[in-house]
Amino acid sequence: MTKLPKVQPSALKYGLSFQSAMAVYAVLPLCSLIILYDHTLGGRVFYHALPENPSSLALYNLLFGLPHIIAGHIVIFSKGHLESFKHDALLGSFYVILSIVIAGVLFPMYISLTLFIVITLIHVLKQQFGMVKIFSSVRGRLVDLWAWNAIMVAGILASIFSLRSDLDPEYIKWGYYIVILLNISFVILGGVIYRNVKTRKGKYFLLVNILSIPLTTVFYFLGYTFFAILTVRVIHDVTAYMVYLTHDKNKNWYKKNDYYASLLSFFHIVVLSIAIAFLLEKYLINFTDLIVSKFFPYSVIGAITISIIAYIEIMHYYMESKAWKRHSPCRKHVIFAS
């Protein structure tokens, strides 16, 4: 985040800079170096020590996933925006609750979980490539096809990872062949788009995103799913927090001094969201038990708790698709600075 040059009083004071957005991608070379060392000279210590999925680690859950989702809700439903998004919230709640009920009735839990993971990846990667459109100034059907190419790569890998114990090895093999072909297509399409980028910074930002999908695919194929998931999560969540902080400072603290504005926004967005997410993850099942135990057997309390978390997360995906469109109330408080 950067302070913008002197502007008219009606203009926004703070912007999300290219340098800040680009710095998030440092997670890619860092993880690549760790894997390279571990796979060659390190005796595969990290490979054997780390879990397949980082969500099994308490520190990861404290910092990633649910916290930024809570932060997104804090921004969207804050004073001044609540009235604008009231209709979307009601309609979204209807769609999300209906979807959760239908999935619970029609599908076993592992299928519902896989669908949820795929929906999450669509949201995550659409944000990532949305930032590419902004910083690289590219638009059009070719860019959309390129982005959906990446989503298909991630979706297939995530589905195989989630369902591998129930899939025929032949299906898994063909799935991997498709992933390889999609990666080749992704790089070729990215190369075509790269030729249309006008600025040097835009080319850098596009290039690092062209590399991101093949790199995470290599992480996965080498057996380092921990790093494949971590890189995608870090890029998404940290970028989201940057956008939320920029919005919060511009919306609420324009007349405050820079230090006070930064400190207050950090507490309002980051600290508060992490605290709420921690309380939900630690105590929600106990709270659910207290409220519904008189009406439902204990066996369904866990399912109700999972459904509440799913509602919070899927509502985030739905509301974000409305809140950050070009002329939305939230977008008016964010500017992207070169």
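It should be emphasised that the depicted structure is a prediction, and the values quoted were computed from it without experimental measurement.

Peer 1: What's the story with the overall build of the chain in this structure? I'm lost.
Peer 2: Scanning the chain from terminus to terminus reveals 13 helices and three strands. A compact globule built from 338 residues would reach a C-alpha radius of gyration of about 20 Å, and the chain, at 21 Å, matches this within 12%. By its C-alpha atoms, the chain is 60 × 60 × 40 Å across when sized along the principal axes. Contacts in the chain between residues at least 24 apart in sequence constitute 77% of all its contacts with a sequence separation of at least 6. Counting only carbon and sulfur atoms, one obtains 70% of the accessible surface of the chain, whose full area is about 18300 Å². Taking the average location of the 29 positive side-chain charges in the chain and that of its 15 negative ones, the two points are 15 Å from each other.

Peer 1: Looking at this structure, I do not really get unusual backbone geometry. What am I missing?
Peer 2: The general pattern is negative phi for most residues beyond glycine and trans for most peptide bonds. Despite not being glycine, Arg44 has its phi angle at roughly 60 degrees, a positive value. Among the secondary structure elements, Arg44 is positioned in the loop between α2 (27-40) and α3 (45-49). With phi around 55 degrees, Ser137 is a residue other than glycine that occupies positive phi space. Mapping Ser137 onto the fold places it in the loop between α7 (109-136) and α8 (141-163).

Peer 1: I would appreciate a short explanation of the packing of aromatic side chains in the present structure.
Peer 2: Enumeration according to the criterion identifies 21 aromatic pairs in this entry. On the basis of an interplanar angle of 40 degrees and a centroid distance of 5.4 Å, the ring pair of Tyr60 and Phe64 is categorised as tilted. No difference in accessibility class separates Tyr60 from Phe64, as the two residues are buried. Grouping aromatic residues by their ring pairs yields a cluster made of Phe18, Tyr25, Phe135, Phe205 and Phe336. Above the face of the Tyr47 ring, Arg44 is positioned so that its terminal group lies 3.9 Å from the ring centre.

Peer 1: Looking at this model, I keep getting lost on the nonpolar core. Mind explaining?
Peer 2: Across soluble globular proteins, nonpolar side chains show a tendency to be buried alongside one another. Counting 84 residues, the largest nonpolar core has Phe129, Trp146, Phe205, Phe227, Ile269 and Trp324 as its most contacted members. In contact with Phe129, not counting residues within four places along its chain, are Trp146, Ala147, Ala150, Phe186, Asn209 and Ile213.

Peer 1: Can you help me understand the environment of Lys332 in this one?
Peer 2: Of note, Lys332 is situated in the loop between α13 (301-323) and β3 (336-337). Take Lys332: its relative accessible area is 57%, and that puts it in the exposed class. Separated by 82 residues in the primary sequence, Lys332 and Asn250 have C-alpha atoms spaced 9.4 Å apart. Filtering out sequence-adjacent residues up to four positions away, Lys332 remains in contact with Leu12 and His327.

Peer 1: Is there a simple way to think about a nonpolar patch on the surface in this case?
Peer 2: Together, Phe94, Tyr95, Ile97, Leu98, Val101, Ile102, Val105, Leu106, Phe107 and Leu115 make up a nonpolar patch on the protein surface, roughly 960 Å² of accessible area in all. Considering each element in turn, the nonpolar patch owes the most residues, eight residues, to helix α6 (residues 82-106). Here Leu115 is to be found in helix α7.

Peer 1: Honestly, the confidence of the model for the chain in this entry has me stumped. Any pointers?
Peer 2: Caution is warranted with low-pLDDT regions, since their predicted coordinates should not be read in detail. The predicted model of the chain averages 86 in pLDDT, with 91% of residues at 70 or higher. Across residues 3-10 the pLDDT falls below 50, and counting only partners more than four positions away or on other chains, this stretch makes twelve contacts in the model.

Peer 1: So what exactly am I meant to see when it comes to the packing of α7 against α8 here?
Peer 2: Look at α7 against α8: their axes get within 9 Å of each other, and the N-to-C directions meet at 150 degrees. Overall, the two elements α7 and α8 adopt an arrangement that is roughly antiparallel. The hand of the α7/α8 crossing is right-handed. Each residue belonging to the contact of α7 with α8 can be placed in one class, and the counts come to 18 nonpolar, four polar and three charged.

Peer 1: How should I be thinking about helix α5 (residues 66-76) in this particular structure?
Peer 2: Note: α-helices contain 3.6 residues per turn, so residues at a spacing of three or four share the same orientation. When you tally the buried positions in α5, you get eleven out of eleven residues, the bulk of the element. Residues Leu66, Pro67, His68, Ile69, Ile70, Ala71, Gly72, His73, Ile74, Val75 and Ile76 constitute the buried set of α5.

Peer 1: What is the right way to read the environment of His316 from this model?
Peer 2: Note that His316 resides in helix α13. Sequence spacing of His316 and Leu12 is 304 residues, and the spatial spacing of their C-alpha atoms is 25 Å. Among the polar contacts made by the side chain of His316, one reaches the side chain of His123 at a distance of 3.4 Å.

Peer 1: Just to check I follow, could you spell out the pattern of salt bridges for this structure?
Peer 2: Pairing between side chains of opposite charge can happen when the charged atoms of each approach one another. A complete count under the given rule lists five salt bridges for this structure. Lys86 is paired through a salt bridge with Glu83; the nearest N and O atoms lie 3.2 Å apart. Taken together, the positions of Lys86 and Glu83, both in helix α6 and three residues apart, correspond to about one turn of that helix.

Peer 1: Which parts of the structure should I look at to understand the packing of α2 against helix α10 (residues 200-221)?
Peer 2: The description of two packed helices rests on the angle between their axes and on the distance between the axes. One can describe the packing of α2 onto α10 by two numbers: an axis separation of 11 Å at closest approach and a directional angle of 30 degrees. Relative to α10, the element α2 is oriented roughly parallel. Regarding α2 and α10, the two cross each other, and that crossing is left-handed. Residues Leu28, Cys31, Ser32 and Ile35 of α2 lie in contact with α10, whose contacting residues are Val208, Ser212, Leu215, Thr216 and Phe219. For the contact of α2 with α10, the per-class residue count stands at six nonpolar, three polar and no charged.

Conventions adopted
- Here the residue numbers are simple positions, counted from 1 along each chain's written sequence.
- This being a predicted model, a pLDDT of at least 70 is required before a residue's local features are given, and a value of 80 or more before pairs of side-chain atoms are given or counted; all residues contribute to the totals for chains, interfaces and linings.
- Values shown for side chains rest on all heavy atoms present in the structure; no hydrogens or waters enter the calculation.
- Elements are defined by DSSP. Helices are runs of H or I of four residues or more, strands are runs of E of two residues or more, and each kind is numbered from the N terminus.
- This radius of gyration counts C-alpha atoms alone. The globule rule is 2.2 Å times how many residues there are, raised to the power 0.38.
- We call two residues in contact whenever any of their non-hydrogen atoms come within 4.5 Å of each other.
- Here the accessible surface of atoms and residues is derived via Shrake-Rupley with a 1.4 Å probe, and residues count as covered only by protein chains that are part of the display.
- The charged-residue count follows a simple rule in which Lys and Arg add positive charge and Asp and Glu add negative charge, with His and chain termini not counted at all.
- Just so you know, the charge point we use is NZ for Lys, CZ for Arg, CG for Asp and CD for Glu.
- Each Phe, Tyr or Trp ring, with Trp reduced to its six-membered ring, pairs with another whose centre is within 6.5 Å; inter-plane angles below 30 degrees give stacked pairs, above 60 give edge-to-face pairs, and intermediate values give tilted ones.
- Each residue gets one of three labels from its accessible area relative to the maximum for its type: buried under 20%, exposed over 50%, partly exposed in between, using a 1.4 Å probe on protein chains only.
- For a lysine, the NZ atom is tested; for an arginine, the CZ atom; a charge sits over a ring if that atom is within 6 Å of the ring centre and within 35 degrees of the ring normal.
- Only buried Ala, Val, Leu, Ile, Met, Phe, Trp, Tyr and Cys residues count toward a nonpolar core, and they belong to the same one when joined by side-chain atoms within 4.5 Å.
- To count toward a patch, a residue needs a relative accessible area above 30% and no salt bridge. Like charges then connect within 9 Å, nonpolar side chains (Val, Leu, Ile, Met, Phe, Trp, Tyr) within 5 Å.
- In what follows, salt bridge is the name for a side-chain nitrogen of Lys or Arg lying within 4 Å of a carboxyl oxygen of Asp or Glu.
- For every residue, the predictor reports its confidence as pLDDT, a number between 0 and 100.
- In this analysis an axis means a line fitted to C-alpha atoms, helices contributing only their contacting stretch, and an angle means the value between N-to-C directions, from 0 to 180 degrees.
- An angle counts as roughly parallel when it lies under 35 degrees, as roughly antiparallel when it exceeds 145, as roughly perpendicular when it falls between 65 and 115, and as oblique in every other case.
- When the near helix sits turned anticlockwise from the far one by under a right angle, the crossing is termed left-handed; a clockwise turn instead gives a right-handed crossing.
- Polarity classes work like this: nonpolar for Ala, Val, Leu, Ile, Met, Phe, Trp, Tyr, Cys and Pro, charged for Asp, Glu, Lys and Arg, and polar for all others, with Gly in that last group.
- Counted as a polar contact is a pair of N or O atoms within 3.5 Å, where, for protein atoms, one must be capable of donating a hydrogen and the other of accepting one, and residues adjacent in sequence contribute only when both atoms are in side chains.

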